[in-house]
Amino acid sequence: MLSFESGLAAYPALVRMMATGGRRRSSESDELELGSSGESEEEMEDSSEDDQENEAEIQRLEEQLSISAYDYNCHVDLIKLLRQEGELEKLRSARQKMSELFPLTEELWLDWLKDEIRMAEKASDRENVYELFEKAIKDYICPEIWLEYAQYSIGGIGQQGGIEKARGIFDRALTAVGLHMTKGVAIWEAFREFENAILGRYSPPPSRCFILTPEQQEMVNAQLDRIHKLFKRQLGVPLLDMETTYAEYEEWADEPDEFVTQVYKKAQQQMEKRKPYEENLLAADPPKLAEYQAYIDFEVKDGDPARIQITFERALSENCLVPDLWARLTLYLDRQLKIKDLVVSAHERAVRNCPWIVGLWKRYLLALERHQAEHKIIIETFEKALNAGFIQATDYVELWQAFLDYLRRRVNFSQDSSQELEELRSAFSRGVDYLKQDIEQRFGESGDPSCTILQNWARIEARLCKNIQKARELWDRIMTKGNATYANMWLEYYNLERAHGDPQHCRKALHRAVQCTTDYPEHVCDMLLAFERLEGSLEDWDLAVEKTETRLNRVNQQRTKAAEKEALLTKQEEEKNVQRKKGRSEKKAAKRAQKQALPGDKRKADQEEWGAQIDQPNKKPRAGELEEAEEEDMSAECGLFGRENNTRILETPALQKQKAAAAARNKVLHDNSKDDLTVFVSNLSYSIANPEERLKEVFESFGQITDIRPVYSNRGLFRGYCYVEFQEEKAAADALRLDRQELEGRPMFVSPCVDKAKNPEFKVFRYSTSLEKHKVFISGLPFSCTKEKLEEICKEHGTLKEIRLVTNRSGKPKGLAYAEYENEAQASQAVLKMDGMVVKDHPISVAISNPPQRKQTSKVEASRSSGSLLPRQVYGARGKGRTQLALVPRALQRLPASEENTENGTLRDQDGNSKGDSSIMKETKKMTNADFAKMLLKK
């Protein structure tokens with residue numbers, strides 16, 4: 001079956017591998033050393049200057065990392081410089097620190113491994129290299145690293161047990177990456193070459209004819225069997241270019257095994273099914289997320305766990321920052337394979353790659369508990385999660401809750417006291433303090449306004465520990481945190497007392513609820529009456545009826561007053577509008593009368609008309625007439641006769657006709673039936689000479705234009721907006737893409753043409769105001785930063801779809817920008833690498849786009865005062881927007897909780913006296929302008 005020539009052909013290669021041990025050959029290092037011996041003096045001086053610059057840069061990078069240890073780019077730059085300078089000990093230390101914080105890429109690992117292999121001389125050094133290989137194969141599944149590991153192990157086969165050790169590493173490599181359809185074949189071929197080389201050591205050359213001893217023949221047969229099994233295993237795996245391997249097998253074996261042939265044909269059929277997915281991956285551009293997801297769906301449907309896992313690993317090697325991909329892999333392993341080492345390793349790698357995702361940490365803790373990891377390891381994992389840097393305050397609440405659930409499951413509540421129970425109580429106390437101090441200081445909000453952790457603690461004390469008194473104390477803390485006005489909080493407490501307390505405390509809780517609740521007072525009143533029907537005496541019933549009726553009457557009075565006040569404000573506003581319209585009509589009538597009074601003296605009439613307008617002290621010029629007013633002031637001050645020349649220039653008949661035509665053009669009539677064909681263009685520059693022609697050039701590419709109607713003032717000046725009517729609806733819809741495009745130095749606003757009289761709530765806002773994980777928000781940019789410059793910075797971290805610089809209405813930059821990437825993985829990578837970057841001496845801040853919610857209208861506040869239930873304000877990852885400024889004096893920004901203390905569900909004033917129901921609903925005293933002035937001047 002096997003010729004002796006094949007064994008001899010492989011033997012020299014094996015000898016070379018054993019001699020080098022995977023290290024660079026001495027001739028290469030000699031060439032590197034000789035290359036530097038013939039340098040001139042000038043070259044040496046230049047080299048010295050470069051060394052000094054590199055040393056200064058190394059020192060700067062080390063200082064930067066001491067301040068910000070999680071700066072990924074800084075780690076990479078430092079390793080590159082140290083490797084260039086040959087600082088081996090510092091280089092090793094820098095790589096070690098980076099590997100502790102981040103998973104290293106394939107390139108970084110290969111460079112590190114090659115450097116360590118070159119320096120390994122002693123047997124102990126080889127063991128260190130083996131340990132380093134073991135760390136490298138844990139970050140990502142990389143065929144190149146496994147191949148390097150197997151080849152390096154061949155260098156130690158001369159030692160005792162070296163062959164078995166190398167063979168074991170090859171076997172592990174096949175298990176890890178042998179199913180890789182494009183790169184796995186290299187591992188298979190290297191393994192077969194290794195076994196053929198071992199066979200060459202046992203087989204004599206054909207020129208020397210002697211008979212093998214029985215022991216030698218047995219070893220040869222065993223080696224032949226190993227090679228045959230390798231062929232059989234490889235041909236049973238669907239790999240690209242399987243035909244070549246099968247041809248080698250036919251050449252190696254005199255008579256191919258029929259079973260191997262059947263296995264090969266079956267694997268070939270499987271390969272043909274997967275070939276389209278492999279071709280899509282080869283044709284696609286990185287990171288190929290969509291193609292990998294389709295491939296994973298196919299493998300999951302096929303149901304082979306090994307192939308599913310290798311496909312996931314291939315996808316993650318190029319999409320390591322996609323949290324959903326890690327979550328899908330860990331979920332599959334948790335539910336399907338359930339192998340401890342495999343599951344725990346996947347969870348650990350998931351949180352190392354995406355540490356900002358709290359869901360991955362929660363699943364990691366559950367996996368450790370599920371596979372019975374040591375308590376110490378789970379504690380350490382939780383502490384790492386606390387330092388991961390989540391983007392929302394609520395993430396920390398979820399993490400603490402998951403950890404407390406784990407500690408609760410460890411407690412044996414049949415015992416009155418135990419170490420686990422004390423640890424649980426201590427963790428609850430620490431969690432509450434952590435959320436109150438650290439999280440509120442970092443995010444400006446607690447993240448747990450409903451006190452869910454305190455609620456769970458109280459339920460555990462009441463139900464499991466039978467300590468209802470401790471539960472009451474905890475619930476009192478919940479109520480004093482501003483929750484006493486919510487009916488659901490009182491009902492939760494009532495249910496707790498009902499299940500584990502006594503009727504006396506239940507009645508007390510419901511009475512307080514009736515007194516304090518402001519969102520659903522009717523509900524708590526019904527609960528009190530229902531309780532007294534079951535538990536109360538006649539006196540208790542009468543007291544409950546009296547208290548609920550008094551409370552509901554007062555609530556109805558408050559709601560009636562609020563409704564009357566709102567109706568009065570609406571009526572006053574309507575009366576003001578009528579007065580305004582009446583005043584405008586009277587002014588127009590007076591102007592017409594002045595024009596008709598002296599038809600022969602137009603100059604005097606014009607002077608009287610303009611004089612009447614000048615005498616109006618509070619006349620505010622409209623936006624379109626602002627430039628006209630400025631031009632008139634300039635002509636008055638800079639005329640031929642200086643400042644005192646206030647005489648108006650006489651108008652020529654041609655000028656009068658031109659102004660009359662402009663006034664006629666000012667009245668632009670719009671047909672509402674053509675709204676679907678028309679777009680409204682605003683925020684245009686007033687200095688556009690011929691708006692019709694200019695806008696025609698801009699919009700004619702979208703379709704045939706029927707009409708362009710610019711709007712002019714009474715003086716004939718362009719007012720900065722117009723109507724553009726198309727012949728087709730599609731053209732009008734396509735034209736909306738020009739919204740915010742710059743024209744004549746100003747952003748042009750293009751919006752649908754909507755009749756606001758019929759649709760008063762219609763608002764056009766192009767940009768999303770919710771969380772967008774694929775978009776980043778950049779602040780702190782210099783005003784001189786251009787779109788092109790920012791695009792150069794951002795495109796290094798992914799494929800950009802859009803860059804938008806935020807400007808005001810005049811087009812001036814605000815130092816803010818949005819960068820939209822192709823997917824959330826690239827956006828997350830941009831946040832990690834760009835946050836804190838210095839652009840033109842300006843440190844910038846980069847975060848995932850999550851604008852804060854806008855303030856609710858006064859109507860919402862009015863409805864809240866009338867007793868309707870509204871959700872609390874919830875802010876995004878960045879809390880209240882950094883660009884929002886509080887224009888209200890600080891004295892007016894006090895929260896109600898700071899003025900009124902709530903103890904055990906009863907509202908109290910600053911002196912500690914209990915306040916009745918009238919004080920709860922009492923209206924705030926109105927303040928005059930003088931009161932505001934005193935507050936602002938108060939020191």
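Q: An account of the packing of aromatic side chains is requested, with residue identities and associated values reported.
A: Per the stated rule, a full pass over the model turns up 33 aromatic pairs. With centroids separated by 5.3 Å and ring planes inclined at 10°, the aromatic side chains of Phe428 and Trp457 adopt a geometry described as stacked. One end of the pair, Phe428, is in helix α21 (residues 419-443); the other, Trp457, is in helix α22 (residues 452-463), with 29 residues separating them in the sequence. Accessibility classification places Phe428 together with Trp457 in one group, the buried group. Aromatic side chains Phe680 and Tyr721 sit 5.6 Å apart centroid to centroid with 50° between the ring planes, which places their arrangement in the tilted category. Of the two residues, Phe680 sits in strand β1 (residues 678-682) while Tyr721 sits in strand β3 (residues 718-726), which places them 41 residues apart along the sequence. Since its relative accessible area comes to 22%, Phe680 is described here as partly exposed. One aromatic cluster is present, built from ring pairs that chain together Phe382, Phe390, Tyr396, Trp400, Phe403, Tyr406, Tyr434 and Phe443. Across from the ring centre of Tyr130, 3.7 Å away, lies the NZ or CZ of Lys165, which sits over that ring. Above the face of the Phe749 ring, Arg740 is positioned so that its terminal group lies 4.8 Å from the ring centre.

Q: Tell me about the sheet that holds strand β6 (residues 772-779), and name the residues and values.
A: Within the open sheet, the four strands sit side by side as β7-β8-β6-β11. Their pairing is antiparallel. The sheet terminates laterally at β7 (800-807) and β11 (845-849), the two strands that pair on one side only. Neighbour to neighbour, the strand axes of the sheet diverge by 25° on average, direction disregarded. Where β6 lies against β11, five bridges are found, and the strand directions are antiparallel. Bridge pairing in β11 places Ile778 opposite Val846. Contacts between helix α33 (residues 787-794) and the sheet are confined to β6, β7 and β8 (813-821), with β7 contributing the most and set at about 135° to the helix.

Q: Break down the packing of α22 against helix α24 (residues 487-500) for me, citing the residues and quoting the values.
A: Geometrically, a packed helix pair is captured by the angle between its two axes and the distance between the axes. Viewed as axis vectors pointing N to C, α22 and α24 meet at an angle of 10°, and their least axial separation amounts to 10 Å. Here α24 runs roughly parallel to α22, going by the angle between their axes. The two elements α22 and α24 meet at a crossing, and its hand is right-handed. Seen from α22, the contacting residues are Gln455, Ala458, Arg459, Ala462 and Arg463; seen from α24, they are Met489, Glu492, Leu496 and His500. Partitioned by chemical class, the residues of the contact of α22 with α24 number four nonpolar, two polar and three charged.

Q: Run through the environment of Arg472, naming residues and quoting values.
A: Its place among the elements puts Arg472 in helix α23 (residues 468-483). For Arg472, a relative accessible area of 14% gives the class buried. Sequence-wise, Arg472 and Leu496 are 24 residues apart; in three dimensions their C-alpha atoms are separated by 9.3 Å. The contacts of Arg472, once residues within four sequence positions are left out, are Tyr493, Glu497, Gly501, Asp502 and His505.

Q: I'd like a rundown of the pairing of β8, residues and numbers included.
A: With seven of its nine residues buried, β8 lies for the most part within the structure. The pairing of β6 with β8 spans five bridges and is classified as antiparallel. Within β8, the position partnered with Lys775 by the bridge is Glu820. Inspection of the sheet shows β7 paired to β8 by seven bridges, in the antiparallel sense. Counted as the bridge partner of Arg804 is Tyr818 from β8.

Q: Describe in detail the sheet that holds strand β4 (residues 741-743), supporting the description with residues and values.
A: The strand order across the open sheet built from five strands is β2-β3-β1-β5-β4, with neighbouring strands paired in antiparallel fashion. At either end of the open sheet lies a strand with only one pairing partner, and these are β2 (705-712) and β4. Ignoring which end each strand starts from, the neighbouring axes of this sheet average 30° apart. Across three bridges, β4 lies against strand β5 (residues 746-752) in antiparallel orientation. The residue of β5 that forms the bridge with Glu742 is Pro747. Across the sheet, helix α31 (residues 691-699) lies against β1, β2, β3, β4 and β5, angled at about 135° from β2, the strand it touches most.

Q: Give a detailed account of the nonpolar core, specifying residues and quantitative values.
A: Counting 164 residues, the largest nonpolar core has Ile145, Phe194 and Leu399 as its most contacted members. In this structure, Phe194 is in contact with Ile154, Ile157, Ile163, Ala166, Arg167 and Phe170, ignoring residues within four places of it in sequence. Residues Val698, Ile708, Val724 and Leu743 belong to the second largest nonpolar core, which totals 22 residues.

Q: For unusual backbone geometry, give the residues involved together with the corresponding values.
A: Both trends apply: most residues other than glycine have a negative phi, and most peptide bonds are in trans. Between Pro286 and Pro287 the backbone carries a cis peptide bond, its omega angle lying at 10°. Relative to the helices and strands, Pro287 resides in the loop between α13 (258-283) and α14 (289-302). For Lys840, which is not glycine, the phi dihedral falls at a positive 55°. Its location among the elements puts Lys840 in the loop between β9 (838-839) and β10 (842-843).

Q: Give a description of helix α19 (residues 375-386) that names residues and reports values.
A: For α19, built from twelve residues, the straight-helix expectation of 16 Å at 1.5 Å per residue is met to within 8% by its first-to-last C-alpha distance of 17 Å. Packed against the buried residues of α19 are α18 (358-370), α20 (393-410) and α21.

Parameters and conventions
- Residues numbered from 1 in each chain as written.
- Predicted model: local features only at pLDDT ≥ 70, side-chain atom pairs only at ≥ 80, totals over all residues.
- Heavy atoms only, no water.
- Phe/Tyr/Trp six-rings, centres within 6.5 Å; stacked < 30°, edge-to-face > 60°.
- Helix = DSSP H or I, 4+ residues; strand = E, 2+ residues; numbered from the N terminus.
- Buried < 20%, exposed > 50% of the residue type's maximum accessible area, 1.4 Å probe, protein only.
- Lys NZ or Arg CZ within 6 Å of the ring centre and 35° of its normal.
- Pairing = 2+ DSSP bridges.
- Axes fitted to C-alpha atoms, helices over the stretch in contact; angles between N-to-C directions.
- Contact = heavy atoms within 4.5 Å.
- Parallel < 35°, antiparallel > 145°, perpendicular 65-115°, else oblique.
- Left-handed = near helix turned anticlockwise from the far one by under 90°.
- Nonpolar A, V, L, I, M, F, W, Y, C, P; charged D, E, K, R; others polar.
- Core = buried A, V, L, I, M, F, W, Y, C linked by side-chain atoms within 4.5 Å.
- Expected span 1.5 Å × (residues − 1).

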